[in-house]
Amino acid sequence: MDIPYELLLLADETVEAIDKYIFDSFIYVLHDGFQDIAVMVLHPNSAEELEIKNIAVIESYRSKGIGSILIDRAKEIARKNRYTTLTVGTSDTGFQQIRFYEKNGFIKKGIRKDFFTDHYPFPIYENGLQMRDMVVLAHDLSE
């Protein structure tokens, strides 16, 4: 399978960052006809925890519920494979993403301090603020 970097780069800043997780993860691409419109990458962190490493929808398909459909699919995949927790990390400046995950049943679990300043070679900005910390959210699949 070709790696859909164009889609993945909508949610991650560099190919180098994507390459750190993509080769031992599961990639799901959503198509509309011949067009790739969304991607989701799931990575097993342990026998109990599955992490959404990347989820992105192209601009023209956003706000149509596709992200929530992908989240529901991730929950199905995780439950089917007997994971008890589904996690995701996003920037502390990603206010819209945090609301999206909370709307889809995730709760804030922790903070990875200085994640974006430690793991990227240049400052990254979102909503006019420098990305520093990663907010980790989790969904309990035993519910």
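For the structure, see preceding data.
Now for a quick tour of the structure. (Residues numbered from 1 in each chain as written. Predicted model: local features only at pLDDT ≥ 70, side-chain atom pairs only at ≥ 80, totals over all residues. Heavy atoms only, no water.)

As a further point, take the overall build of the protein chain. Along the protein chain, the regular secondary structure elements total five helices and eight strands. For the protein chain, the sequential pattern of α-helices and β-strands runs α-α-β-β-β-α-β-α-β-α-β-β-β. Expected size for 143 residues packed as a compact globule is a radius of gyration near 15 Å; at 15 Å, the protein chain falls within 12% of this value. With respect to the principal axes defined by its C-alpha atoms, the protein chain has extents near 40 × 35 × 30 Å. Counting all 143 residues of the protein chain, 44% fall into the buried class. Considering only contacts in the protein chain between residues 6 or more positions apart, those separated by 24 or more positions represent 59%. Of the roughly 8,400 Å² of accessible surface on the protein chain, a fraction of 51% belongs to carbon and sulfur atoms. Averaged over its 16 positive side-chain charges, the protein chain has a centre that lies 6 Å from the centre of its 23 negative ones. (Helix = DSSP H or I, 4+ residues; strand = E, 2+ residues; numbered from the N terminus. Rg over C-alpha atoms; globule rule 2.2 N^0.38 Å. Buried < 20%, exposed > 50% of the residue type's maximum accessible area, 1.4 Å probe, protein only. Contact = heavy atoms within 4.5 Å. Areas by Shrake-Rupley, 256 points an atom, 1.4 Å probe, with all protein chains shown as cover. Lys, Arg positive; Asp, Glu negative; His and termini not counted. Charge placed at Lys NZ, Arg CZ, Asp CG, Glu CD.)

Here we take up the sheet that holds strand E4 (residues 85-91). Strand pairs in the sheet, formed through backbone hydrogen bonds, run parallel or antiparallel to each other. The sheet built from six strands is open, its strands ordered E1-E2-E3-E4-E8-E5 with mixed pairing. At either margin of the open sheet sits one strand with a lone partner, and together these are strand E1 (26-32) and strand E5 (107-112). Each strand of the sheet is rotated relative to its neighbour by a mean of 30°, with strand direction disregarded. Two strands pair when backbone bridges link them, and E5 and strand E8 (residues 134-140) are joined in this way by five bridges, in the antiparallel orientation. What sits directly across from Lys108, in E8, is Leu137. Sitting on the sheet, helix H3 (residues 66-80) is in contact with E1, strand E2 (35-44), strand E3 (49-57), E4 and E8, with an inclination near 160° to E3. Contacting E3, E4, E5 and E8, helix H4 (residues 95-103) runs over the sheet at an angle of about 165° to E4. (Pairing = 2+ DSSP bridges. Axes fitted to C-alpha atoms, helices over the stretch in contact; angles between N-to-C directions.)

On to the pattern of salt bridges, then. Within this structure, the stated rule accounts for six salt bridges. The partner of Asp133 in a salt bridge is Lys113, with the nearest N and O atoms 3.3 Å apart. With Asp133 in the loop between strand E7 (129-130) and E8 and Lys113 in the loop between E5 and helix H5 (115-119), the pair connects residues that are 20 residues apart, well separated along the chain. Assessed through its relative accessible area of 11%, Asp133 is described here as buried. (Salt bridge = Lys/Arg side-chain N within 4 Å of Asp/Glu carboxyl O.)

Residues in a regular strand project their side chains so that they alternate between the two faces of the sheet. For E2, the buried fraction is high: seven of the 10 residues fall into the buried class. Relative to E2, E1 runs antiparallel, the two sharing seven bridges. The residue bridging His31 from the neighbouring strand is Asp36, located in E2. Connecting the antiparallel pair E1 and E2 is a turn made up of two residues, with Gly33 showing a positive phi of about 70°. Where E2 folds back onto E3 in an antiparallel hairpin, the turn is made up of four residues.

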